[in-house]
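Below are the chains, spelled out letter by letter.
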Amino acid sequence: MANTVIGSSIVIDGEISGDEDLVIQGTVKGKISLKESLYVEGSGVVEADIETQNVEIAGRVTGNIAATDKVELKTDCRVVGDIKAPRILIADGASFKGNVDMDIPKER
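Only a predicted model underlies this, so the values are computations on that prediction, with no experimental measurement involved.

### Remarks on the pairing of strand β4 (residues 27-34)
Piece 1. As paired strands, strand β2 (residues 11-18) and β4 are joined by eight bridges and run parallel to one another. Across the sheet, Glu-15 pairs through a bridge with Lys-31, a residue of β4.
Piece 2. As defined by bridge partners, β4 adjoins strand β6 (residues 45-57) across seven bridges and the pair is classed as parallel. Within β6, the position partnered with Ile-32 by the bridge is Ile-50.

What follows is the structure, given as structure tokens:
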């Protein structure tokens, strides 16, 4: 399945939802709700609450993140907001300010 890419010069203000992977290289403000994975690349800036299965962040995110599987904060990322996920990886050099909640009830 091909990824949807929001290019580095694109700015979206609003709500994004869908069933496929999303790669953000540009700027997204509002809300992101996906069934699959979200990748915020180094050039990506997100000012939104995120609900998805997996999140990989190399850029900047301001907002709360809720993932059903995993959140991964890469080396040079900056994240401000609360993270709720059963698995969280924070790389050496990542910047994170917020709370972590890993107490997720298992789905039936």
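There is more to say after this.
### Focus on the pattern of salt bridges
Piece 1. Evaluated as defined, the whole model comprises seven salt bridges.
Piece 2. Across the salt bridge formed by Lys-35 and Asp-19, the nearest N and O atoms sit 3.3 Å from each other. With Lys-35 in the loop between β4 and β5 (37-40) and Asp-19 in the loop between β2 and β3 (22-24), this residue pair connects regions lying 16 residues apart in the sequence.
Piece 3. Residue Lys-35 is classed as exposed on the basis of its relative accessible area of 56%.

### Considering the side chain of Glu-72
Piece 1. Inspection of the secondary structure puts Glu-72 in strand β8 (residues 65-73).
Piece 2. Of note is the side chain of Glu-72, whose polar atom sits 3.1 Å from the side chain of Lys-74.
Piece 3. Those residues in contact with Glu-72 that lie beyond four places of it in its chain are Val-55, Glu-56, Ile-57 and Leu-89.

What counts, and where the lines are drawn
- Residues numbered from 1 in each chain as written.
- Predicted model: local features only at pLDDT ≥ 70, side-chain atom pairs only at ≥ 80, totals over all residues.
- Heavy atoms only, no water.
- Pairing = 2+ DSSP bridges.
- Helix = DSSP H or I, 4+ residues; strand = E, 2+ residues; numbered from the N terminus.
- Salt bridge = Lys/Arg side-chain N within 4 Å of Asp/Glu carboxyl O.
- Buried < 20%, exposed > 50% of the residue type's maximum accessible area, 1.4 Å probe, protein only.
- Polar contact = N/O pair within 3.5 Å; in protein donor to acceptor, adjacent residues only side chain to side chain.
- Contact = heavy atoms within 4.5 Å.

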